[in-house]
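The chain contents come next:
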Amino acid sequence: MTRVPGGSVTLHDARRKARRAVDLEPFEVGVYAVTEELLAELIGVASAHPRRPAVDVTWQRAIRLCNAASEWEGLDPAYSFEGEDVTWHVGSDGYRLPTEAEWEFACRAGSTKPQYGLLSDIAWTAADSVAAPQDVGGKMPNLHGAFDMLGNAWEWCWDLLDPARYGDYRVFRGGGYADEAWSVRASTRRGGGPRMHHDDVGFRLARGGFDAVDEAQGWSARADEENAIIDGPVPFGWTPLER
């Protein structure tokens, strides 16, 4: 893990054409994405490519693996479950997924540009013509000492993508090994259902507890509820989810 100091990051809501500044307290994030080797240790199986990022991992499984890593080290689990519903106990010191604001702030590492360095130096992308994620740490890190935050494999975050349109879809960030440069940027957002898995989506651990309930680091349960409401014209080409 590497410690990320507090600071501020501006997030962009493309549908609402709005920007919001988020103030962040210090937190920790993994130097590398979770590897096949670590995943294998947590669930007791063999890994074919130990140093590659673990992909084909659903959001729900990533959440449970965060708890497994916490229990392995004697930390308080960050999450509890009731069926498919997941509650984040924001005061917990255990491992968890980063919030979307934390992820972008950690990725940028002080940069205001789309990438924190020359893409060929920092990220595995379509330009490298590789057929699968590559071993972690093969490119240059950002100024926080975190590797592969752009390229190689997308990474799940805690936040909902856009509950008004996509329901329970969760955000993943960063771009993957098969993506073109325009998609491998600090601000690019994609997402998927919590039970979906993709051959280019993994996750990175975060840590940090906060003195709050149902809100922390740019996320809040109340905002999720508000964002599920259509409060303006329906964008062309999509129909809101039936409630």
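Above this note sits the structure.
Residues numbered from 1 in each chain as written. Predicted model: local features only at pLDDT ≥ 70, side-chain atom pairs only at ≥ 80, totals over all residues. Heavy atoms only, no water.

Asks: Please provide a residue-by-residue account of the sheet that holds strand β10 (residues 189-192), values included.
Replies: Taken together, the four strands give an open sheet; going across it, the order is β10-β9-β8-β11, and neighbouring strands pair in mixed fashion. Unpaired on one side and paired on the other, β10 and β11 (201-202) mark the two borders of the sheet. Sheet topology places strand β9 (residues 170-173) next to β10; four bridges connect them, and they run antiparallel. Paired with Arg170 across the bridge in β10 is Gly192. Each of β8 (154-160) and β9 touches helix α2 (residues 59-72); the most contacted strand, β8, lies at about 90° to it. (Pairing = 2+ DSSP bridges. Helix = DSSP H or I, 4+ residues; strand = E, 2+ residues; numbered from the N terminus. Contact = heavy atoms within 4.5 Å. Axes fitted to C-alpha atoms, helices over the stretch in contact; angles between N-to-C directions.)

Asks: Before we move on, could you go through the pattern of salt bridges and cite the residues and values that matter?
Replies: For the structure shown, the criterion picks out 10 salt bridges. Put simply, Arg204 and Glu155 hold a salt bridge, and the shortest N to O gap is 2.7 Å. With Arg204 in the loop between β11 and β12 (206-207) and Glu155 in strand β8, the pair connects residues that are 49 residues apart, well separated along the chain. The exposure class of Arg204 is buried, given its relative accessible area of 0%. Because the salt bridges share partners, they merge into one network encompassing Glu100, Glu104, Arg108, Arg173 and Arg189. (Salt bridge = Lys/Arg side-chain N within 4 Å of Asp/Glu carboxyl O. Buried < 20%, exposed > 50% of the residue type's maximum accessible area, 1.4 Å probe, protein only.)

Asks: Could you give me a rundown of the sheet that holds β12, with the residues and numbers involved?
Replies: Read from one edge of the open sheet, four strands run β1-β4-β12-β7, paired in antiparallel fashion. Here the strands that pair on one side only, and so sit at the sheet edges, are β1 (2-4) and β7 (95-96). Taken together, the two bridges between β7 and β12 define a ladder with antiparallel strand orientation. Opposite Tyr95, over in β12, you have Arg207 as the bridge partner. Contacting β1, β4 (27-29) and β7, helix α3 (residues 100-108) runs over the sheet at an angle of about 70° to β4.

Asks: Quick rundown of the nonpolar core? Include the residues and the values.
Replies: What tends to happen in soluble globular proteins is that the nonpolar side chains get buried as a cluster. Counting residues in each nonpolar core, the largest one holds 52 residues, and the members touching the most others are Tyr79, Leu97 and Phe203. For this core, the element with the highest residue contribution is α2, accounting for six residues. (Core = buried A, V, L, I, M, F, W, Y, C linked by side-chain atoms within 4.5 Å.)

Asks: I'd like a rundown of the state of the cysteines, residues and numbers included.
Replies: One pass over the full model with this rule turns up zero disulfides. The cysteine Cys107 is free of any disulfide, with Cys157 supplying the nearest cysteine sulfur at 10 Å. (Disulfide = S-S within 2.5 Å.)

Asks: Requested: an account of the pairing of β8, with residues and values cited.
Replies: Across the seven residues that make up β8, a large majority, seven, are buried. Sheet topology places β8 next to β11; two bridges connect them, and they run parallel. The residue bridging Trp154 from the neighbouring strand is Val201, located in β11.

Asks: Run through the packing of helix α1 (residues 36-43) against α2, naming residues and quoting values.
Replies: Where α1 meets α2, the closest approach of the two axes is 10 Å, and the angle between their N-to-C directions is 70°. The angle between α1 and α2 places the two elements in the roughly perpendicular class. Seen from α1, the contacting residues are Leu38, Leu39, Glu41, Leu42 and Ile43; seen from α2, they are Arg61, Leu65, Ala68, Ala69 and Trp72. Of the residues contributing to the contact of α1 with α2, the split by class is eight nonpolar, no polar and two charged. (Parallel < 35°, antiparallel > 145°, perpendicular 65-115°, else oblique. Nonpolar A, V, L, I, M, F, W, Y, C, P; charged D, E, K, R; others polar.)

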